[in-house]
Every structure is written in C-alpha cells, then in structure tokens.
Amino acid sequence: MNKMDYDRALYYTHRSEWDNLLILMVRTKDQILSKRIEHFLHAYNFERDYSVIEKSLYSLLRYIDHANETVEPDNELPMYSLS
C-alpha cells in the first residue's frame, strides 16, 4: 500500500479537512482505510452521541498507526528535504 495515503489521512483528520478526507476515501486502494474513513465521516455528520464519533475516530487513528508501522519504507527519493 501507499504510505502517503496514511500520512494524508492523518493530516486531513488532524486539520479537520473533511472534503479532502472524503476524496482520499474514494481514491485509496486500501479498502480498510476507506471503510474506516467512511465510518468516521458518517458518524461525524449524522451521529448525536459523541462517544460514537470518538470511537470511530480512534478506530481510524489506530488503523493509520498500525498501517504506518507495517508498510515497508519506500526506496524513492523524498518529496522534500529539510537541508
């Protein structure tokens, strides 16, 4: 899978960029990530119970963390450099 998708999902979630998160949900090839994003966005928009929203958010974040740990590092050149 593409590690960039997980980084983007984390960034969009942190910045509350729900439109971009929705686009990522459609474009990613990781079906589990797509489903977790779908559950979170649905809960965020339609659920009245905050604990359900929190549960789906934590589920998404746990999956992103797990996926980032298991994805093999890319051997490509970085997209940016701090030097």
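Each remark here, short or long, concerns the structure printed above.
Figured I'd write up the structure that's included with this text. Remember, predicted model here, so these are calculated numbers, not experimental data.

**Digging into the environment of leucine 57**
Tracing the backbone shows leucine 57 in helix α4 (residues 50-70). Sequence separation between leucine 57 and arginine 36 is 21 residues; the distance between their C-alpha atoms is 8.5 Å. Setting aside its immediate chain neighbours within four residues, leucine 57 contacts Thr13 and Phe40.

**Quick word on unusual backbone geometry**
With a phi close to 60°, serine 16 is a non-glycine residue in the positive phi region. You can see serine 16 is positioned in the loop between α1 (3-14) and α2 (18-27). With a relative accessible area of 43%, serine 16 lands in the partly exposed category.

**Some points on the side chain of serine 34**
For serine 34, the position within the fold is in helix α3 (residues 31-46). Using a relative accessible area of 13% as the deciding quantity, one classes serine 34 as buried. Discounting chain neighbours no more than four positions away, the residues touching serine 34 are Met25 and Thr28.

**Brief notes about α4**
Taking 1.5 Å per residue as the helical rise, α4 with its 21 residues ought to reach 30 Å, and the 30 Å between its terminal C-alpha atoms agrees with that figure. Three or more residues of α4 are buried, namely Ile53, Ser56, Ser59, Leu60, Tyr63, Ile64, Ala67 and Asn68. The arc that holds the buried residues of α4, viewed along the axis, is 165°, so those residues lie on one side. Exposed side chains of α4 directed beyond 90 degrees from the buried face belong to Tyr50, Lys55, Arg62 and Glu69. Looking at the packing, one finds that the buried side of α4 touches α1 and α3.

The rules behind the values
Residues numbered from 1 in each chain as written. Predicted model: local features only at pLDDT ≥ 70, side-chain atom pairs only at ≥ 80, totals over all residues. Heavy atoms only, no water. Helix = DSSP H or I, 4+ residues; strand = E, 2+ residues; numbered from the N terminus. Contact = heavy atoms within 4.5 Å. Buried < 20%, exposed > 50% of the residue type's maximum accessible area, 1.4 Å probe, protein only. Expected span 1.5 Å × (residues − 1). Arc of directions from axis to C-beta.

Read these as layout, nothing more, since geometry by itself doesn't imply function.
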